[in-house]
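For reference, the chains in residue letters:
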Amino acid sequence: MQPQGGGALKLGHHYEGQLNKYTNVMKGWQFRWFVINPDQGTLEYHLSETEMKTEMKEKSYRARGTLQLAGAVISPSEEDSHTFAVNPASGELYKLRAVDAKERQEWITRLRVVAEVHSQALAQVCQIFFVIRILRKFKSKKKKIIIINSYYKE
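Now for a quick tour of the structure. (Residues numbered from 1 in each chain as written. Predicted model: local features only at pLDDT ≥ 70, side-chain atom pairs only at ≥ 80, totals over all residues. Heavy atoms only, no water.)

A few points about the overall build of the protein chain
Stage number 1. For the protein chain, the count of helices and strands is 2 helices and 7 strands.
Stage number 2. What you see in the protein chain, going N to C, is helices and strands ordered as β-β-β-α-β-β-β-β-α.
Stage number 3. For the protein chain, the share of sequence-separated contacts (at least 6 apart) that also reach a separation of at least 24 residues comes to 44%.
Stage number 4. With the model as given, the accessible surface of the protein chain reaches about 10,500 Å², and the carbon-plus-sulfur share is 55%. (Helix = DSSP H or I, 4+ residues; strand = E, 2+ residues; numbered from the N terminus. Contact = heavy atoms within 4.5 Å. Areas by Shrake-Rupley, 256 points an atom, 1.4 Å probe, with all protein chains shown as cover.)

Here it is as structure tokens:
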């Protein structure tokens, strides 16, 4: 099944398609419908495309599973040319399999771009909170402080 979302890598657009997801030893590999949401920085899956579209029409849209991609490691598997893993900061692991090596690379590339963008955004937010904390600490002591931020790039 060909993924939907266009060929060119556009961060503001969802990317979706069918992948096999390894569920467990008893059930093995199961087809699932996956959606990359670049705005939210998530990878979610549904039992099927039909289930997802039905839920959207009924306004009861709820993914079966969702991973935050900020801090995630997306890596190709060495077992074959179709399999890859998504290992988010939460520790949950999705083992996925595409139809072929080309599709696997497309998913890996898109997931890595979204993960990187959201990881950088998260790092900037953490840095801002750190600076605010320092400023509050020094303000309470009525001391002056000069902050030099070598990481900030405009």
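So, the side chain of Glu-16
Stage number 1. Looking at the element boundaries, Glu-16 is found in strand β1 (residues 15-24).
Stage number 2. One buried charged residue, Glu-16, forms no salt bridge at all, with the nearest opposite charge on Lys-53 at 5.5 Å.
Stage number 3. Of note is the side chain of Glu-16, whose polar atom sits 3.2 Å from the side chain of Trp-33. (Buried < 20%, exposed > 50% of the residue type's maximum accessible area, 1.4 Å probe, protein only. Lys, Arg positive; Asp, Glu negative; His and termini not counted. Salt bridge = Lys/Arg side-chain N within 4 Å of Asp/Glu carboxyl O. Polar contact = N/O pair within 3.5 Å; in protein donor to acceptor, adjacent residues only side chain to side chain.)

Describing the packing of aromatic side chains
Stage number 1. According to the stated counting rule, one finds 5 aromatic pairs in the structure shown.
Stage number 2. Between the aromatic rings of Tyr-22 and Trp-29, the centroid separation amounts to 5.3 Å while the plane-to-plane angle is 70 degrees, which identifies the pairing as edge-to-face.
Stage number 3. Assessed through its relative accessible area of 31%, Tyr-22 is described here as partly exposed.
Stage number 4. Note on Phe-34 and Tyr-45: the rings are 5.5 Å apart at their centroids and 35 degrees apart in plane angle, and the pair reads as tilted. A residue pair is termed long-range when its members are at least 10 positions apart, and Phe-34 in strand β2 (residues 28-37) and Tyr-45 in strand β3 (residues 42-46) qualify at 11 residues.
Stage number 5. Residue placement shows Arg-97 over the ring face of Trp-29; its charged tip is 3.9 Å from the ring centre.
Stage number 6. In this structure, Arg-110 packs its charged tip against the face of Tyr-15, placed 3.9 Å from the ring centre. (Phe/Tyr/Trp six-rings, centres within 6.5 Å; stacked < 30°, edge-to-face > 60°. Lys NZ or Arg CZ within 6 Å of the ring centre and 35° of its normal.)

Quick notes on the nonpolar core
Stage number 1. In this structure, Leu-43, Phe-84 and Val-86 are the most contacted members of the largest nonpolar core, which totals 20 residues.
Stage number 2. Among the elements of the structure, β1, β2, β3, β6 (83-87), β7 (94-97) and α2 (101-140) are those that each provide at least two residues to this core.
Stage number 3. Ranked by residues supplied to this core, first place goes to α2 with 5 residues.
Stage number 4. Discounting chain neighbours no more than four positions away, the residues touching Leu-43 are Phe-34, Val-35, Ile-36, Gly-65, Thr-66, Leu-67, Leu-69, Val-86, Tyr-94, Leu-96, Trp-107 and Leu-111. (Core = buried A, V, L, I, M, F, W, Y, C linked by side-chain atoms within 4.5 Å.)

Here's the deal with the sheet that holds β6
Stage number 1. Spatially, β4-β3-β2-β1-β7-β6-β5 is the arrangement adopted by the 7 strands of the open sheet, whose pairing is antiparallel. The open sheet terminates on both sides in strands that have one partner only, identified here as β4 (65-68) and β5 (73-76). Each strand of the sheet is rotated relative to its neighbour by a mean of 35 degrees, with strand direction disregarded.
Stage number 2. Bridge count between β3 and β4: 4 bridges; the pairing is antiparallel. In the sheet register, Glu-44 faces β4, and the bridge partner there is Thr-66. (Pairing = 2+ DSSP bridges. Axes fitted to C-alpha atoms, helices over the stretch in contact; angles between N-to-C directions.)

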